[in-house]
Amino acid sequence: MTTMASWRSPVFLFSQWVLLQYATCREVTLPTGPLYRVAGFPISLPCAVTGYEGSRTQDFEWFLYREDAGGKQMGVVSTRDQGFPYAPFQARVRAGEVRVERDSGDKARLMFQRLRTEDQGRYECYTPSTDSRYQGNYSASVVVKVIPDTLLISYSRALTGQPMPEGAELQLTCSANVQSLQHTHLSVTFGVRGGSAGGAAAGGEVSNVREIIAIDRELGVSPGNSYGKRYDDGEITLVKRSDGADARDVYAMKMSAVAPEDSGSYFCEASQWILDPDGTWQKIAQRTLDIGNLTVQPLAVSLSVSSSPTGEVTLQTGSPLSLTCQVSGLPEGGRSGLLVQWMKRGAAGGSGGSGVEVEVARIGPDGVVSWGDDLSRAGGGSMEKEADGRYSLRLFSAHPADSGVYRCVVSVYAGESNPAPSSRATVTQRSEGVTVNLKSKDVLVSAVAELPRGPLLKRGHTVTLICNISVTTTGPAQVQVLWLQRPIPEPLVVRGDRPSASQAPAAAEEEADPRLVATLTYEGVAQINRSGSEVSVDRLSAGTYRLRIHGASLRDQGLYVCQAEVWGQDPHGGWYNTEAKAESTVVRVYLYARAEDLLLIPLVIGVSSALFVGIVIIAAVTCCFMSRLAKQRAPK
């Protein structure tokens, strides 16, 4: 065992020394060939050296062995000798078309800015020795094949630079093809330079280049960094289809709704790729084609909303009302939702431009019509889309309540054909107002309320109020009667006063808002609007109306008025509120206590006092008796 160990020790040390020498020997590497590159486009040949001694900055020299020169060596470029290039490369080296670029001290690459057909051959990268002894390999070579440029790119329609409204659809096509004996792939990218509204088209300096969408070399579609959400929402698409006419592939990009930030200079870029022997994809050719400038005009500028007729319209009550809304400046072929509303401000009896603005009707993006005003619906009407950009509102029988200022309000949702309820409109515009006046027939109406004479009103009794109404007009008319109650102000509650039909001071009437007690509609339907005591309303004769409160209580006391509203009939047989009304004088209702209510308090007090005295007497007698009994039982 000892002899074998002593024999193995020198062998082991020698083998380790040999391995160490080989592990530190110089090695120069280049990509695995052959490399196919396209004439007219750049090529980069990276060369690296390892296992060297000496300076960390190594020198590199490149040689070319042309196939048509019988293997003759030609110097291309060197990092240490400016006179190294042979005559065919001297001018190109001086111009920088052929050069060396260092990645680090021991890595450099040979760069051709524009590869020529005669540049085909075997390239050798040589590194002059800086080692103490010559060992390893000092050069490496790779074969470069120069193939012709067959990449073709074109478009079918260029952008003319004409402004395009916001929300319009943009479709761009780009044809690309390559004829090569080698197996290569194509990728196509659509992009835009600029980005601010009108930036490139306005002649401003191009500030940035953005990739919109691309089909990569493996036919995968990918959006640009700032277009991911729009791609996910389906607003931007890119498809590839074959054109059998010229055997070219057509790439079509579609933006369903352009936005102001889409303004800029558009281009299409096609790239040719090849798979090198080392398994990496290399771009060997690329062409960019400018399609043109696009200026997106914001909808706030292009949209126009008008209504007709204009100015002021005066109609007889019962006549049809027809209004038209014209919308222009909308994008064509876009995917934009449109909400059209007719709004009305003002009402009969007041200023046409005053009051709260209410919605009369609308057509939503889904085409569904809905009414927001019960009055217009009661008169019968319609809202329709007559043509693209033209919407009509019709009230078949206009009534005084339909008077006011009408406006058409249009909201556009660019790029959203069916926006969610929470979506915000891209832009909303209103038309000029159309003032609609309704001529109604002259109506005179008066109302007088009274409390019939009789015994004093007491709690629990039935209170009866009468309202006498007089109406003077032409044609059929009906009256709607409303009974209102206000509380009695404190200064007016004086015990001993006999209730009478008298007009209370104006200040007393305004101290509190009236409370609706009951209504008798023009159709004869009674509507009770309070709880508590039982209430009934009826019509005694043509102009006489009655309110009865059964089993009246303290909360039924107050100042009562009756209000008369006159309803007329239009030529179509529909009833409408003429807005003629009258309010009666105030009737004060005060309820006295009943006799049994007045006797109840003394009775309760008497019974309570008697009970208290009796209890005191019984307690005193019991106490004295118990005291005497205790004394008698005490021991003598």
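Because the structure is predicted, anything quoted here is derived from the model rather than measured. (Residues numbered from 1 in each chain as written. Predicted model: local features only at pLDDT ≥ 70, side-chain atom pairs only at ≥ 80, totals over all residues. Heavy atoms only, no water.)

Asks: What exactly am I supposed to notice about the overall build of the chain here?
Replies: Secondary structure summary: the chain contains seven helices and 41 strands in total. By residue count, 42% of the 636 residues in the chain fall in the buried class. Accessible area of the chain: about 33,800 Å², with a carbon and sulfur share of 53%. (Helix = DSSP H or I, 4+ residues; strand = E, 2+ residues; numbered from the N terminus. Buried < 20%, exposed > 50% of the residue type's maximum accessible area, 1.4 Å probe, protein only. Areas by Shrake-Rupley, 256 points an atom, 1.4 Å probe, with all protein chains shown as cover.)

Asks: Mind showing me how you'd approach unusual backbone geometry here?
Replies: For residues other than glycine, phi is negative in most cases, and the peptide bonds are mostly trans. Backbone torsion omega between glycine 33 and proline 34 reads 0 degrees, so that peptide bond is classified as cis. Here proline 34 is to be found in the loop between β1 (27–29) and β2 (35–38). Even without being a glycine, leucine 219 presents a positive backbone phi close to 65 degrees. Positionally, leucine 219 belongs in the loop between β14 (209–215) and β15 (221–223).

Asks: Can you walk me through the pattern of salt bridges in this structure?
Replies: Under the definition given, this model contains 26 salt bridges. The partner of aspartate 249 in a salt bridge is lysine 240, with the nearest N and O atoms 3.6 Å apart. Taking the relative accessible area as the measure of exposure, aspartate 249 reaches 18% and is therefore buried. Note that glutamate 359 is salt-bridged to arginine 362, the shortest N-O span being 2.7 Å. With relative accessibility at 17%, the residue glutamate 359 sits in the buried group. (Salt bridge = Lys/Arg side-chain N within 4 Å of Asp/Glu carboxyl O.)

Asks: Quick question: what am I supposed to make of the sheet that holds strand β8 (residues 121–126) here?
Replies: Taken together, five strands build an open sheet; the order of strands is β2-β9-β8-β4-β5 and the sheet is mixed. Of all the strands in the sheet, the pair left with one neighbour each is β2 and β5 (73–78). Taken pair by pair, the neighbouring strands of this sheet meet at an average axis angle of 30 degrees, ignoring direction. Of the strands in this sheet, β4 (61–65) and β5 touch helix α2 (residues 87–94), which is tilted by about 15 degrees from β5. (Pairing = 2+ DSSP bridges. Axes fitted to C-alpha atoms, helices over the stretch in contact; angles between N-to-C directions. Contact = heavy atoms within 4.5 Å.)

Asks: How do you make sense of the side chain of threonine 324 when you look at a structure like this?
Replies: Of note, threonine 324 is situated in strand β23 (residues 321–328). Those residues in contact with threonine 324, other than ones at most four positions away along the chain, are Ser306, Ser307, Ser308, Trp342, Arg390, Tyr391 and Ser392.

Asks: Quick question: what am I supposed to make of the sheet that holds strand β37 (residues 534–541) here?
Replies: Across a sheet, paired strands are connected by hydrogen bonds in the backbone, their directions being either parallel or antiparallel. Taken together, four strands build an open sheet; the order of strands is β32-β33-β38-β37 and the sheet is antiparallel. Of all the strands in the sheet, the pair left with one neighbour each is β32 (444–450) and β37. When the angles between neighbouring strand axes are averaged without regard to direction, this sheet yields 20 degrees. Pairing geometry for β37 and strand β38 (residues 544–550), over seven bridges, is antiparallel. Looking at the pairing, valine 537 lines up with leucine 547 of β38.

Asks: When you look at the environment of threonine 237 in this model, what are you seeing that I'm missing?
Replies: Take threonine 237: it is sitting in strand β16 (residues 236–243). Along the chain, threonine 237 and proline 223 lie 14 residues apart, while their C-alpha atoms are 8.9 Å from each other.

Asks: How do you make sense of the nonpolar core when you look at a structure like this?
Replies: General note: in soluble globular proteins, nonpolar side chains tend to be found buried as a group. Ranked by internal contacts, the top residues of the largest apolar core, which has 36 residues, are Leu170, Phe190 and Tyr266. At the level of secondary structure, the elements contributing two or more residues to this core comprise β12 (170–177), β13 (184–193), β14, β16, β17 (248–255), β18 (264–275) and β19 (281–294). Listed in part, the 31 residues of the second largest apolar core include Ala447, Val479, Val517 and Ala518. (Core = buried A, V, L, I, M, F, W, Y, C linked by side-chain atoms within 4.5 Å.)

Asks: Is there a simple way to think about the packing of aromatic side chains in this case?
Replies: Geometry of an aromatic ring pair is reported as the spacing of the ring centres plus the angle between the planes. Tallying each qualifying case throughout the model produces eight aromatic pairs. Note on phenylalanine 60 and tryptophan 62: the rings are 6.0 Å apart at their centroids and 25 degrees apart in plane angle, and the pair reads as stacked. Across this residue pair, the class does not change: phenylalanine 60 and tryptophan 62 are buried. Where tyrosine 522 meets tryptophan 575, the ring centres are 6.1 Å apart and the plane angle is 40 degrees; that geometry is what we call tilted. Placement of the pair is tyrosine 522 in the loop between β35 (515–520) and β36 (526–528) and tryptophan 575 in strand β40 (residues 575–583), with a sequence separation of 53 residues. Look at tyrosine 522 and you get buried, because its relative accessible area is 17%. The class of tryptophan 575 is partly exposed, set by a relative accessible area of 27%. (Phe/Tyr/Trp six-rings, centres within 6.5 Å; stacked < 30°, edge-to-face > 60°.)

Asks: Would you mind showing me how to read the pairing of strand β33 (residues 463–472) here?
Replies: In summary, the side chains of a regular strand alternate between the two faces of the sheet. As paired strands, β32 and β33 are joined by seven bridges and run antiparallel to one another. What sits directly across from valine 448, in β33, is asparagine 468. Where β33 and β38 come together, six bridges link them in antiparallel fashion. The residue bridging leucine 465 from the neighbouring strand is leucine 547, located in β38.

Asks: I keep staring at the state of the cysteines and nothing clicks. Help me out?
Replies: Joining two cysteines, a disulfide is a covalent bond between their sulfur atoms. The full count for this structure, using the stated rule, is four disulfides. The disulfide bridge from cysteine 325 ends at cysteine 408, spanning 2.0 Å between sulfur atoms. Measuring handedness by torsion sign, the sulfur bridge of cysteine 325 and cysteine 408 sits at about -75 degrees and is left-handed. With cysteine 325 in strand β23 and cysteine 408 in strand β29 (residues 404–413), the pair connects residues that are 83 residues apart, well separated along the chain. Both residues of the pair, cysteine 325 and cysteine 408, count as buried. For cysteine 467, the disulfide goes to cysteine 562, at an S-S distance of 1.9 Å. (Disulfide = S-S within 2.5 Å.)

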